[in-house]
Every structure is written in structure tokens, then in C-alpha cells.
Amino acid sequence: MTDAIQTADATPLNPAPIAPERDLMSKFDPLINERQKLLDSGVTDPFAIVMDEVKSPTLAVIKGRETILLGTYNYMGMTFDPDVIQAGKDALDQFGSGTNGSRMLNGTFRDHMAAEQALRDFYGTTGAIVFSTGYQANLGMISTLAGKGEYVILDADSHASIYDGCSMGNAEIVRFRHNSVEDLDKRLGRLPAEPGKLVVLEGVYSMLGDIAPLKEMVEVSKKHGCMVLVDEAHSMGFFGPNGRGVYEAQGVEDQVDFVVGTFSKSVGTVGGFCVSNHPKFEAIRLACRPYIFTASLPPSVVATAATSIRKLMHAHNKRQHLWENARRVHGGLKEMGFKLGTETPDSAIIAVILEDQERAVMMWQALLESGLYVNMARPPATPAGTYLLRCSLCAEHTSEQVEQILGMFKAAGQATGAIG
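Residues numbered from 1 in each chain as written. Predicted model: local features only at pLDDT ≥ 70, side-chain atom pairs only at ≥ 80, totals over all residues. Heavy atoms only, no water.

### Quick look at the nonpolar core
At step 1: By size, the foremost hydrophobic cluster in this structure holds 92 residues, and its most contacted members are Leu-389 and Phe-409.
At step 2: In this structure Phe-409 touches Leu-70, Leu-333, Met-336, Phe-338, Val-352, Met-363, Leu-367, Leu-372, Val-374, Leu-389 and Cys-391, once residues within four positions along its chain are discounted.
At step 3: Judged by nonpolar contacts, the second largest core, of 22 residues, contains Phe-131, Val-152, Leu-229 and Cys-274. (Core = buried A, V, L, I, M, F, W, Y, C linked by side-chain atoms within 4.5 Å. Buried < 20%, exposed > 50% of the residue type's maximum accessible area, 1.4 Å probe, protein only. Contact = heavy atoms within 4.5 Å.)

Below you can see the structure in the form of C-alpha cells.
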């Protein structure tokens with residue numbers, strides 16, 4: 001018996017050859033080569049910008065130069081609001097730098113509750129849940145709401161977090177053509193009537209800045225017995241009479257079941273949320289993995305969010321000035337001959353579409369060197385494989401800065417051949 005055990009445990013005399021290591025990073029070689037080619041041409045990497053100093057919602061120091069910011073989502077300019085900053089400092093002093101736990105355990109502090117109440121008041125809803133990011137809000141809500149045997153129906157140009165929420169869940173996924181009410185109606189009509197269905201829409205689409213025809217889409221969704229979730233990340237604060245978003249502006253508040261949003265745009269900090277009037281909404285806290293299994297936001301962050309949200313309820317002048325800025329920049333760029341993502345200034349996002357990556361990078365670099373920062377976007381983030389410079393207006397951009405911005409675009413466009 002002892003000999004048998006020793007024989008079984010012994011190393012084989014002729015072990016099978018070990019397969020060579022497979023480099024899991026090799027799939028990224030095309031991206032690495034493309035980036036290196038860009039850097040070898042002497043261009044600054046558009047996706048590795050470092051802010052050396054941020055002076056205000058509209059000014060930063062980049063590579064030693066004072067630069068106008070036209071590429072952040074600080075739509076309402078709340079990041080330097082004195083009341084917002086003070087709320088964060090007070091919470092930091094009182095509660096420390098972090099929670100060290102999830103919301104389900106020790107991670108719910110006074111200011112988490114205050115932020116959720118501020119959201120209920122802002123949106124006029126009975127329910128509000130704060131997530132650690134806007135990405136997690138979509139990930140959690142979509143994967144939790146629609147389960148096995150049910151359906152999620154989404155716009156083909158939906159944000160990555162919406163697609164990832166679909167992937168995380170077990171529901172069947174159906175896509176419809178971007179902003180097509182007709183295609184949404186057709187695809188819903190093909191689905192069986194019995195299973196539960198969630199239609200996921202966005203108020204403002206972040207790449208081109210176009211808005212959804214929510215009124216018609218919600219009507220079609222309800223005709224087919226679907227629940228509706230709308231992501232209002234890029235519209236909170238300045239769409240609608242109360243700044244609630246496109247769904248408020250288009251008059252469908254009473255028909256939308258869930259509204260997802262983020263603190264990292266108009267609120268001026270970080271975090272995500274969902275609000276709803278559904279009587280069973282609180283059950284989400286007991287079933288949503290991205291809510292349960294992640295650390296909660298630091299108290300200083302939710303304190304700034306709560307203060308900012310309450311100030312946004314009365315930010316009517318800011319909203320008006322933001323729209324003035326958006327209309328002026330859109331109109332000025334269109335008059336110069338730039339190809340834009342929308343015919344009219346539909347939102348605070350203005351996309352300048354370029355022919356190819358080389359032209360887009362040249363234009364982006366010329367703007368940066370003149371003291372203007374915008375976002376360069378490329379596939380797969382952009383629809384239909386387009387290259388674009390994405391501009392995001394802020395309520396704190398002065399009229400003088402807006403004219404500077406237009407002058408910089410004109411000079412860079414002429415220098416690079418983007419316009420005549």
C-alpha cells in the first residue's frame with residue numbers, strides 16, 4: 001500500500017510539455033501601435049491630458065499655459081461654488097475621508113440620506129437611491145430590473161454603461177435605430193406580450209449632443225405595456241422648468257418609471273442615482289449588486305452633492321446663460337463652415353465633425369496650443385465611426401470667453417484646412 005501511494009504521488013518520468021504562455025495583452029498591439037504613431041508625429045496625446053491646476057469651472061493650467069476649458073461636463077459650473085465647497089469641508093472634518101463600507105453595512109452616513117432627500121425634492125419623486133457612480137447606476141438598475149425571460153429594449157447609440165448593464169443581466173436584448181420612433185414601435189410589436197419589458201432611453205446623447213423624441217417614444221413604449229427608464233445625465237440642471245431633464249421639458253414626467261442621473265455633470269462632484277415614484281422602488285437596495293457590493297461615497301462627496309442639488313433648484317439665471325452660450329457657439333461655428341453634429345443647438349454639447357483622425361488630431365492640437373481644451377472623440381465611442389471634437393458649454397463661460405472660443409476655432413480651422 002505504501003509503495004502504491006509513493007508511485008501515485010511521484011512525478012511522471014516523462015511529463016507532458018507545458019504550453020507556451022499566451023500573452024493576453026497581445027490583442028492590444030494595434031491600439032499601442034496607433035498611439036505610438038501618433039506620439040511619434042509630435043502630437044500631444046489627446047487622451048492623457050493632465051490638469052496642472054484648475055482655477056475655475058472654465059479655466060485650467062495645462063502644460064504651463066492658462067487654458068479655457070470647453071471639454072468638461074461641468075455644465076452648471078458648480079465645482080467652485082463656495083457653499084458646495086464648504087459643505088464638503090465641513091463633512092470631511094466631521095466624518096473623515098471615507099466610509100470604509102458599503103451602503104448595506106456601515107456605509108450610510110447622514111449626508112447620504114441628505115443627498116437622497118435632496119434628489120426627492122429636486123425631482124418631485126417618492127424614491128431616490130444614490131450609487132457610487134453614474135455608470136454603476138445604469139449597471140445596477142438595468143441588470144436588476146430586467147431578468148431572465150424578460151426584455152431590455154435600447155437605442156443603438158446608447159452609452160457604454162447601458163450596454164454593460166444589459167450584459168450584466170439575464171434579459172433578452174433588443175436594439176432599435178437611433179432616435180427612431182418607428183423602429184422602436186416595430187420592434188416592440190414583434191415581441192411576445194406576456195414578458196416584462198424595459199425600454200431604456202437617454203435624454204441627451206453625449207457624443208453629438210442630440211436629444212431624444214421622448215414624448216413619442218414613451219407613448220409607443222406604454223402602448224406596448226413597457227416600463228421606461230430614462231438616463232438624464234447630460235440634461236439634469238438645465239432642461240425643463242425645474243432643470244429635471246428632457247423628460248420634464250417634453251412633458252412625460254408622469255409616464256417615465258425610472259430616471260437615472262449622475263453627480264459628475266451639472267452637480268459638479270461624483271456619484272450616480274436613480275429616482276422613481278414606483279411604490280416598490282426601495283426593494284432595489286436589497287437586490288442590486290452594484291449597490292450592495294461596492295464602497296459607498298465619501299461623506300464629503302455626498303455633502304457637496306446635496307448642497308449643489310438644492311442650489312440647482314433655483315439656478316434659473318444659470319440655466320438661461322448656459323443656453324445663451326450654447327446658441328452663440330453653435331451659431332458661430334456653423335457660420336464659419338464647420339460640420340456640426342446637430343442642425344440646431346439642442347443641448348450644451350456641440351460636436352464638430354472632422355473627416356479623419358489625422359485632421360481631428362491636428363485641429364485638437366492647434367486649439368490646445370492656442371489655449372483652448374476640447375475633447376477629441378474617435379471610434380468606437382463615436383457613432384458611425386466619425387471623428388469629432390466635442391465641446392461642452394458651461395454656465396460660467398463669460399460672453400468674452402465665448403468670443404475668444406470662436407476666434408480660436410476660426411484660426412485653428414483655417415490653419416489646418418478644416419474650414420476655408
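Picking up after the structure, the text goes on.
### Things to note about the layout of surface pockets
At step 1: Computed from the structure, the largest pocket encloses a volume of approximately 590 Å³.
At step 2: In terms of lining residues, the largest pocket is bounded by 33 residues, among which Ser-158, His-159, Ala-160, Ser-206 and Met-207 are the most central.
At step 3: Contributions of two or more residues to the lining of the largest pocket are made by α5 (134-145), α6 (160-168) and β9 (258-262).
At step 4: Split into classes, the residues belonging to the lining of the largest pocket amount to 13 nonpolar, 14 polar and 6 charged.
At step 5: Of all elements in the fold, only α5, β7 (197-202) and α10 (284-287) reach the threshold of two or more residues within the lining of the second largest pocket.
At step 6: Classifying every residue of the lining of the second largest pocket gives 10 nonpolar, 4 polar and 3 charged. (1 Å grid on protein atoms, 1.4 Å probe; cavity = no way out; pocket = protein on both sides within 12 Å on 5 of 7 lines; lining within 4 Å. Points joined across faces, edges and corners; volume = space filled by probe spheres on them. Helix = DSSP H or I, 4+ residues; strand = E, 2+ residues; numbered from the N terminus. Nonpolar A, V, L, I, M, F, W, Y, C, P; charged D, E, K, R; others polar.)

### Here's the deal with unusual backbone geometry
At step 1: Residues other than glycine seldom take positive phi values, yet Lys-63 does so here, at roughly 55°.
At step 2: Of note in this structure, Asn-179 is not a glycine but carries a positive phi near 60°.
At step 3: With respect to the element layout, Asn-179 can be found in the loop between β6 (172-176) and α7 (181-190).

### Notes on empty space enclosed by the protein
At step 1: In the structure shown here, the tally under the stated rule is 1 cavity of 30 Å³ or more.
At step 2: Counting only elements with at least two residues in the lining of the largest cavity, the list comes to β4 (127-131) and α11 (289-292).
At step 3: Residue classes in the lining of the largest cavity are distributed as 5 nonpolar, 4 polar and 1 charged.

### Here we look at the sheet that holds strand β13 (residues 375-377)
At step 1: Strand order in this open sheet of 3 strands is β11-β14-β13, and the pairing throughout is antiparallel. Each edge of the sheet is formed by a strand with only one pairing partner; in this case those strands are β11 (349-354) and β13. Between one strand axis and the next, the sheet turns through 25° on average, direction left out of account.
At step 2: Where β13 and strand β14 (residues 387-392) come together, 3 bridges link them in antiparallel fashion. Among the inter-strand pairings, Met-376 is bridged to a residue of β14, identified as Leu-389.
At step 3: Against the sheet, helix α14 (residues 357-370) engages β11, β13 and β14, with an angle of about 35° to β14. (Pairing = 2+ DSSP bridges. Axes fitted to C-alpha atoms, helices over the stretch in contact; angles between N-to-C directions.)

What is shown is where atoms sit, not what they do.
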